[in-house]
4 protein chains.
Amino acid sequence: MGNPTNTSLSEKELAEAQRELRSWTYDRGRRALYRRIEMPDFPQAMAFMVRVAIEAEKLDHHPEWSNVYNRVDVWLTTHNVQGVSDRDLAMARHINTIIGD
Amino acid sequence: MGNPTNTSLSEKELAEAQRELRSWTYDRGRRALYRRIEMPDFPQAMAFMVRVAIEAEKLDHHPEWSNVYNRVDVWLTTHNVQGVSDRDLAMARHINTIIGD
Amino acid sequence: MGNPTNTSLSEKELAEAQRELRSWTYDRGRRALYRRIEMPDFPQAMAFMVRVAIEAEKLDHHPEWSNVYNRVDVWLTTHNVQGVSDRDLAMARHINTIIGD
Amino acid sequence: MGNPTNTSLSEKELAEAQRELRSWTYDRGRRALYRRIEMPDFPQAMAFMVRVAIEAEKLDHHPEWSNVYNRVDVWLTTHNVQGVSDRDLAMARHINTIIGD
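What counts and how
Residues numbered from 1 in each chain as written. Chains lettered and ligands numbered in written order. Predicted model: local features only at pLDDT ≥ 70, side-chain atom pairs only at ≥ 80, totals over all residues. Helix = DSSP H or I, 4+ residues; strand = E, 2+ residues; numbered from the N terminus. Rg over C-alpha atoms; globule rule 2.2 N^0.38 Å. Buried ≥ 20, exposed ≤ 12 C-beta atoms within 10 Å, placed from the backbone. Contact = placed C-beta atoms within 7 Å. pLDDT = per-residue confidence, 0-100. Least-squares fit on C-alpha atoms with pLDDT ≥ 70 in both. Pairing = 2+ DSSP bridges. Axes fitted to C-alpha atoms, helices over the stretch in contact; angles between N-to-C directions. Nonpolar A, V, L, I, M, F, W, Y, C, P; charged D, E, K, R; others polar. Core = buried A, V, L, I, M, F, W, Y, C linked by C-beta atoms within 7 Å. Expected span 1.5 Å × (residues − 1).

## Brief notes about the overall build of chain A
Turning to step 1, where the next piece is worked out: On a plain count of helices and strands, chain A comes out with three helices and four strands.
Turning to step 2, where the next piece is worked out: Computed over the C-alpha atoms, the radius of gyration of chain A is 13 Å, within 12% of the 13 Å expected from 2.2 N^0.38 for a compact globule of 101 residues.
Turning to step 3, where the next piece is worked out: Among the 101 residues that make up chain A, the fraction classed as buried is 41%.
Turning to step 4, where the next piece is worked out: The contacts in chain A between residues at least 6 apart in sequence include a share of 61% that link residues at least 24 apart.

## Here we look at the confidence of the model for chain A
Turning to step 1, where the next piece is worked out: Mean pLDDT over chain A works out to 94, with 95% of the residues at or above the 70 mark.
Turning to step 2, where the next piece is worked out: Scored as a complex, the prediction yields pTM 0.94 and ipTM 0.92.

## Quick look at the relation of the copies chain C and chain B
Turning to step 1, where the next piece is worked out: In screw terms, the move from chain C to chain B is a rotation of 180 degrees and a rise of 0.0 Å along the axis, fitting with an RMSD of 0.0 Å. Here the symmetry operator amounts to a two-fold rotation axis.
Turning to step 2, where the next piece is worked out: An overlap of 100% is found between the interface residues of chain C and their copies at the interface of chain B, pointing to a shared contact surface.

## So, the sheet that holds strand β4 (residues 71-76) of chain A
Turning to step 1, where the next piece is worked out: Taken in spatial order, the eight strands line up as β1(A)-β2(A)-β4(A)-β3(A)-β3(B)-β4(B)-β2(B)-β1(B) in an open sheet, and their pairing is antiparallel. At either margin of the open sheet sits one strand with a lone partner, and together these are β1 (25-27) of chain A together with β1 (25-27) of chain B. Going from strand to strand, the sheet's axes swing by 25 degrees on average, the running direction of each strand aside.
Turning to step 2, where the next piece is worked out: Strand contacts of helix α2 (residues 42-59) of chain B: β3 (64-68) and β4 (71-76) of chain B, with the helix running at about 25 degrees to β4 of chain B, the strand carrying the most contacts.

## Topic: the relation of the copies chain A and chain B
Turning to step 1, where the next piece is worked out: In screw terms, the move from chain A to chain B is a rotation of 180 degrees and a rise of 0.0 Å along the axis, fitting with an RMSD of 0.0 Å.
Turning to step 2, where the next piece is worked out: Here 100% of the contact residues of chain A are again contact residues in chain B; the copies associate through an equivalent surface.

## Description of the interface of chain C and chain B
As a measure of interface size, the accessible area lost when the parts come together is often cited.
Turning to step 1, where the next piece is worked out: Counting residues at the interface gives five residues for chain C and five residues for chain B.
Turning to step 2, where the next piece is worked out: Considered class by class, the residues forming the side of chain C that touches chain B number three nonpolar, no polar and two charged.

## Digging into the pairing of β4 of chain B
Residue and element names in this part refer to chain B.
Turning to step 1, where the next piece is worked out: The pairing of strand β2 (residues 32-38) with β4 spans six bridges and is classified as antiparallel. Across the sheet, Glu 38 pairs through a bridge with Arg 71, a residue of β4.
Turning to step 2, where the next piece is worked out: Bridge analysis of β3 against β4 gives five bridges, and the strand direction is antiparallel. What sits directly across from Asn 67, in β4, is Val 72.
Turning to step 3, where the next piece is worked out: The loop that links β3 with its antiparallel partner β4 comprises two residues; one of these, Tyr 69, has a positive phi angle of about 50 degrees.

## Concerning the sheet that holds strand β3 (residues 64-68) of chain D
Turning to step 1, where the next piece is worked out: Pairing is antiparallel in the open sheet, where eight strands are placed in the order β1(C)-β2(C)-β4(C)-β3(C)-β3(D)-β4(D)-β2(D)-β1(D). The outermost strands of the open sheet, each flanked by one partner alone, are β1 (25-27) of chain C together with β1 (25-27) of chain D. Sheet twist, expressed as the average angle between the axes of neighbouring strands with direction ignored, equals 25 degrees.
Turning to step 2, where the next piece is worked out: Sheet topology places β1 of chain D next to strand β2 (residues 32-38) of chain D; three bridges connect them, and they run antiparallel. When the sheet's bridge partners are listed, Thr 25 of chain D is paired in β2 of chain D with Tyr 34 of chain D.

## A few points about the interface of chain A and chain B
Turning to step 1, where the next piece is worked out: Opposite the 13 residues of chain A that make contact, chain B presents 13 residues.
Turning to step 2, where the next piece is worked out: For the side of chain A that touches chain B, the secondary-structure elements that each account for two or more residues are α2 (42-59) and β3 (64-68) of chain A.
Turning to step 3, where the next piece is worked out: The residue inventory of the side of chain A that touches chain B, partitioned by class, reads eight nonpolar, three polar and two charged.
Turning to step 4, where the next piece is worked out: In terms of strand pairing, β3 of chain A meets β3 of chain B through five bridges, oriented antiparallel. Pairing of Trp 65 of chain A across the sheet is with Asn 67 of chain B, part of β3 of chain B.

## Points about the nonpolar core
Turning to step 1, where the next piece is worked out: By size, the foremost hydrophobic cluster in this structure holds 112 residues, and its most contacted members are Val 50 of chain A, Val 50 of chain B, Val 50 of chain C together with Val 50 of chain D.
Turning to step 2, where the next piece is worked out: Leaving out residues up to four positions away in the same chain, Val 50 of chain A has contacts with Met 46 and Val 50 of chain B, Met 46, Ala 47 and Val 50 of chain C together with Val 50 of chain D.

## Structural notes on helix α3 (residues 86-99) of chain D
All names here are of chain D.
Turning to step 1, where the next piece is worked out: Under the 1.5 Å per step criterion, the end-to-end length of α3 is 20 Å for 14 residues, consistent within 8% with the ideal 20 Å.
Turning to step 2, where the next piece is worked out: Considered for burial, the residues of α3 that qualify are Asp 86, Asp 88, Leu 89, Met 91, Ala 92 and Ile 95.
Turning to step 3, where the next piece is worked out: Next to the buried residues of α3 lie α1 (11-20), β2, α2 (42-59) and β4 (71-76).
Turning to step 4, where the next piece is worked out: Just downstream of α3, Gly 100 is the residue with a positive phi angle, here 90 degrees.

## Observations regarding the environment of Val 81 of chain C
Residue and element names in this part refer to chain C.
Turning to step 1, where the next piece is worked out: Summarising the element assignment, Val 81 is placed in the loop between β4 (71-76) and α3 (86-99).
Turning to step 2, where the next piece is worked out: By C-beta crowding, Val 81 is classed as partly exposed, having 19 other C-beta atoms within 10 Å.
Turning to step 3, where the next piece is worked out: Along the sequence, Val 81 and Thr 7 sit 74 residues apart, while their C-alpha atoms lie 5.6 Å from each other.
Turning to step 4, where the next piece is worked out: Not counting the four nearest positions on each side in its chain, Val 81 is found in contact with Asn 6, Thr 7 and Ser 8.

## Some thoughts on the environment of Ala 47 of chain D
Residue and element names in this part refer to chain D.
Turning to step 1, where the next piece is worked out: Summarising the element assignment, Ala 47 is placed in helix α2.
Turning to step 2, where the next piece is worked out: Look at Ala 47 and you get buried, because 26 C-beta atoms sit within 10 Å.
Turning to step 3, where the next piece is worked out: Sequence spacing of Ala 47 and His 61 is 14 residues, and the spatial spacing of their C-alpha atoms is 19 Å.

Shown next, in the form of structure tokens:
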């Protein structure tokens, strides 16, 4: 995925990304990669969010996410390109390392 | 607000609650108290969420919330009464003690 | 371990506890159960602490712990009995469910 | 404090730092800046730690700290210089912006 992070992924690149990141879908309305994550309980959902948050701030690339009890819905999008970029793929891969594919 | 926590607030009680909790609005669609919170930055947004989360788990009453960068949107509703209960008022007051009215 | 939580464990009970909780040792100076935990990295150490913290506040029984990078040292003791109580055993078991025995 | 971060502060620089950072003391045994922080309660102590942790990981400079209930003891030292460096001063200032001088 050699495109620079200042452009959004092409349709073709998005399709490739989805073949790799099967637990993520493309939310066309939000132009974002989306994954619903269900942890066993609320403390684990919060621990997950803290772990991702620490990484997100380091990368200066923050998820849009919502939480209800044990569930975390995550959208990854890059505001300044108004779409999905390589940085979102990197974050999706990072989240997969935490909770599995 | 002497109603038991196993019933939702009446229209009259909701109106009273909103006079007290002016930074919260009633989201009719979600039958929830709603407040948008803007913290100075992402680390403070996460610290706020952790602080509320610890209290929420203790009370066994969890918010529905979403976060984008420094912003946290919070909805307080009580699932088993399908509406706002005294427990949501208590949580709203607790959040107000953290970030102000 | 049927002793009430308002007394510390006897020597015999402590010995039994250590047979069960092999990753914990008794720190005689601090009258505490002690375990050193090494997580893969700092974000995971913090996520671990947040998860335990949420449980600790709910139980109103808080660990004494220190953190350096990926390492968390945990002491479990019960102040009002000046020693290890059933509540510490419960917390040690809870921590073991998170990170393994 | 123009010294590079790959050396520890001189005695003179340490003395200057302590005049600026009055709530911090120099722990000679640990060659670290030290501050005891007392938050109003445990959730606030944890929220404080999470906020600092996010910043620490971003700066790749992590505190040594311990927590008991509402209390957080923080030591700032730089391992590869075996003493206090400019990075510790920066972290001490950051912590002061959170909880006051």
